[in-house]
Amino acid sequence: MKTSAKARDSFKSNLGVILALIGSAIGLGNLWRFPYLVGTNGGAAFIVIYLLCIVFLCMPIMVCEFVIGRRSQANAFRAFEKLRPNSAWKHTGLLAVITCVILLSFYVVVGGWTIDYFVKSLRMVFTPQTDYEGVFNSMVSSSAENIFYTVLFLAVSAAVILGGVRKGIERTNKYLMSALAILIVFIVVYSMTLPGAKAGLNFLFKPDFSKVTFRVALNALGQGFLSLSIGCGAIMTYASYASKKDNLLKTTTVTTISDTLFALLAGMAILPAVFSAGMNPGEGAGLAFISLPYVFAGMPFGKLLSILFYFILFAAALSSAISLLETIVAFLKEESNTERHRAVLLSFAVIVVFAVLCALSFGVLSGFKIFGLTFFDFFDYISSNICLAIGALLISVFAGWKISKEDFYDEITSGGKYKIPKWLLGTLRVFVRYIAPLVVAIIIINSLIGV
Ligand code: PFF
């Protein structure tokens, strides 16, 4: 087995671990996917289902990732090999790393757009007369502009990772998360004071149980995985840098609550502003890059808000992207026993190729389709809808059936340091062994047959 000669990287403090996990969790998924999903899937009714999925399915699987990562103190691939030597389980780790490559390849393209729009906001190019659809379309279809910002975003992520776990990841997340918390509250407060804000809140919070279907439940769980960064080894990798003394349940609970709270705040910041401008919230890119700049341009202090908003979007995307990149880098670094900077360079080279293909999906490669989807949409679809769920399923089966009950409890309680009620440990194990794998398997089958 190859091991690095030097001591492994580690986080300095438990707060560092928590902020890094929150950084990974809070991302584009919270800011443009969650508010829209809530509004179109039954409002508060969706939130209730989402919360149930988070508590009963996502959190137990997050605990599993944490157990596997911290117990093995290894990268996502080696973790499975260490805990179950010479078995096929190492392929689960490999799948996780491949998922990160796919996810990161399109994530950095959108990350690039956030920098592009941040720069445009600083240059104050947005006015109420601007053709926003035109600006967005010309950005994505211009190969040079799209590729430039994609590579820039990837380079910034790589620069953070180059600094290592403490000086790079831990420090950057500390700053980014503090800035995010302050700025989002500021925008929520501002948004609430706008005329017509109530319509936005109604869209977000008014329960409509007639919209609740099986499909809505599937959407809620899929969003839970994406939002909490579950199923691709990112949590496992960060957990492998955590101290054995850290309280695992507390860490995962704080991460989950923060991510969910941020998603709700994002909805409360964005939707009232959109409704107050008399617009309808469109999905994804349309909302963040077409409707919102228009909304900002018509508002008092709109220029400042636009700068703040695109900075938030950038910060959230960056803190998520670095967790994906670190999962890949840790794998390359430890498996080929090389230096961090070489692993970062190699990851950069690989991702840049796929990312450029994704970036060109809106321009010269728009006619190139895989199963009817452009590179960008294909990478988005298979990573968010299929790979994360398969990863989550395998992780819960592994933790539930391949790690002994004693070892599982030992890791969760940090060797008995934390007194966790027996009923809670027992219930958690039942969810990990039976309920989570069953429900997630149903989701995967449904995604594959496209119900
Ligand atoms: N949690 C991120 C978001 O909500 O945008 C997406 C993500 C980041 C998924 C990192 C997986 C991951 F490892």
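Keep in mind it's a predicted model, so treat the numbers as computed, not measured.

Rules used in this analysis
Residue positions are counted from 1 within each chain, in the order its sequence is given. Residue-level local features of this predicted model are given only where pLDDT is at least 70; pairs of side-chain atoms are given and counted only at 80 or more, and the full residue set underlies all totals for whole chains, interfaces and linings. To obtain the side-chain values, all non-hydrogen atoms of the structure were included, while hydrogens and water were left out. Helix and strand labels come from DSSP, where a helix needs a run of H or I of at least four residues and a strand needs a run of E of at least two; each type is numbered from the N terminus. In this analysis, the expected span of each helix is defined as 1.5 Å times one less than the number of residues it contains. Throughout, exposure labels follow a simple rule: accessible area from a 1.4 Å probe, protein chains only, divided by the maximum for the residue type, with under 20% read as buried, over 50% as exposed, and the rest as partly exposed. The definition of a polar contact used here is a pair of N or O atoms within 3.5 Å, where within protein one atom must be able to donate a hydrogen and the other to accept one, and adjacent residues in sequence count solely through side-chain atom pairs. Any two residues having at least one pair of non-hydrogen atoms within 4.5 Å are treated as being in contact. Interaxial angle, 0 to 180 degrees, is taken between N-to-C directions of lines fitted to C-alpha atoms, where a helix line uses only the stretch in contact. Note on terminology: angles under 35 degrees are roughly parallel, angles over 145 are roughly antiparallel, angles of 65 to 115 are roughly perpendicular, and the others are oblique. We call a crossing left-handed when the near helix sits turned anticlockwise from the far one by less than a right angle, and right-handed when that turn is clockwise. Residues are grouped as follows: nonpolar covers Ala, Val, Leu, Ile, Met, Phe, Trp, Tyr, Cys and Pro; charged covers Asp, Glu, Lys and Arg; every other residue, Gly included, is treated as polar. When we say a residue is near a molecule or strand, we mean one of its heavy atoms is within 4 Å of it. When a carboxyl oxygen of Asp or Glu is within 4 Å of a side-chain nitrogen of Lys or Arg, the pair counts as a salt bridge. Here the nonpolar core consists of buried residues drawn from Ala, Val, Leu, Ile, Met, Phe, Trp, Tyr and Cys, with membership extended through side-chain atoms lying within 4.5 Å. Here, patches come from residues exposed beyond 30% relative accessible area and free of salt bridges, joined within 9 Å for like charges and within 5 Å for nonpolar side chains (Val, Leu, Ile, Met, Phe, Trp, Tyr). Methods summary: accessible areas were calculated by the Shrake-Rupley approach with a probe of 1.4 Å, and residue burial reflects only the protein chains presented. Per-residue confidence from the predictor is given as pLDDT, running between 0 and 100.

K.L.:
Help me understand helix α14 (residues 302–335) in this model?
P.N.:
Given 3.6 residues per helical turn, the α-helix brings residues three or four places apart onto the same face. With 34 residues, α14 should reach 50 Å at 1.5 Å per residue; the first-to-last C-alpha distance of 49 Å fits that figure. Along α14, 31 of the 34 residues are buried, which leaves the element largely enclosed by surrounding structure.

K.L.:
What am I meant to see in the side chain of Gln223 here?
P.N.:
Along the chain, Gln223 falls in helix α10 (residues 214–227). Residue class for Gln223 comes out buried when judged on its relative accessible area of 0%. At 3.1 Å, the side chain of Gln223 and the backbone oxygen of Gly29 are in polar contact. Contacts of Gln223, omitting those with residues within four sequence positions, involve Gly29, Arg33, Phe34, Leu37 and Tyr50.

K.L.:
Quick question: what am I supposed to make of the packing of helix α16 (residues 375–402) against helix α18 (residues 422–449) here?
P.N.:
Where α16 meets α18, the axes come as close as 9 Å, and the angle between the chain directions of the two elements is 155°. Between α16 and α18, the interaxial angle falls into the category roughly antiparallel. For the pair α16 and α18, the crossing hand works out as left-handed. Counting all contacts with α16, which are made through Tyr381, Asn385, Ile386, Ala389, Ile390, Leu393, Ser396, Val397, Ala399, Gly400 and Trp401, the residues of α18 involved are Arg429, Val432, Arg433, Tyr434, Ala436, Pro437, Val440, Ala441, Ile444, Ser447 and Leu448. Tallied by class, residues from the contact of α16 with α18 come to 16 nonpolar, four polar and two charged.

K.L.:
Is there a simple way to think about the site of the ligand in this case?
P.N.:
Within the structure, the ligand sits among 16 residues, and Ala25, Gly29, Tyr107, Leu226 and Cys232 are positioned closest to it. In this structure, a nitrogen atom belonging to the ligand sits 2.9 Å away from a main-chain N or O atom of Ala25. A distance of 3.1 Å is found between an oxygen atom of the ligand and a backbone nitrogen or oxygen belonging to Leu28. When contributions to the shell around the ligand are tallied by element, the ones reaching two or more residues are α1 (14–25), α2 (28–40), α5 (90–122), α10 and α14. Residues that form the shell around the ligand fall into these classes: eight nonpolar, eight polar and no charged.

K.L.:
Even after reading the chapter, I still don't get the pattern of salt bridges, so can you show me in this structure?
P.N.:
Within this structure, the stated rule accounts for 14 salt bridges. Notably, a salt bridge pairs Glu411 with Arg71, separated by 2.6 Å at the nearest N-O pair. Remark: Arg71 occurs in helix α3 (residues 44–72) and Glu411 occurs in helix α17 (residues 405–412); sequence separation between them is 340 residues. Residue Arg71 is classed as partly exposed on the basis of its relative accessible area of 26%. One salt bridge connects Lys90 with Glu81, and the closest N-O pair in it is separated by 4.0 Å. The exposure class assigned to Lys90 is partly exposed, which follows from its relative accessible area of 25%. Each of Arg70, Arg71, Lys244, Asp407, Asp410 and Glu411 takes part in salt bridges that share partners, so that together they form one network.

K.L.:
Even after reading the chapter, I still don't get the environment of Gly298, so can you show me in this structure?
P.N.:
One can find Gly298 in the loop between α13 (284–297) and α14. Note on Gly298: relative accessible area 60%, which makes it exposed. Expressed as a C-alpha distance, the spacing of Gly298 and Asn202, which sit 96 residues apart in the sequence, is 22 Å.

K.L.:
Mind showing me how you'd approach the nonpolar core here?
P.N.:
Among soluble globular proteins, nonpolar side chains are generally buried collectively. Core analysis: the largest hydrophobic core is formed by 161 residues, its most contacted members being Leu31, Trp113 and Phe289. Here the element with the most residues in this core is α14; it accounts for 20 residues. Aside from chain neighbours lying at most four places away, what touches Leu31 is Ile184, Phe262, Ala266, Ile270, Ile312, Leu313 and Ala316.

K.L.:
Would you mind going over a nonpolar patch on the surface with me for this structure?
P.N.:
The grouping of Val48, Leu52, Val55 and Phe56 at the surface amounts to a nonpolar patch, some 340 Å² of accessible area in total. On the secondary structure map, Val48 appears in helix α3.

K.L.:
Sorry, what's going on with the confidence of the model for the chain here?
P.N.:
Regions with low pLDDT carry predicted coordinates that are not meant to be interpreted in detail. With 98% of its residues at a pLDDT of 70 or more, the chain has an overall mean of 93. Of the regions scoring below 50 in pLDDT, residues 1–5 engages in seven contacts with residues more than four places distant in sequence or in other chains.

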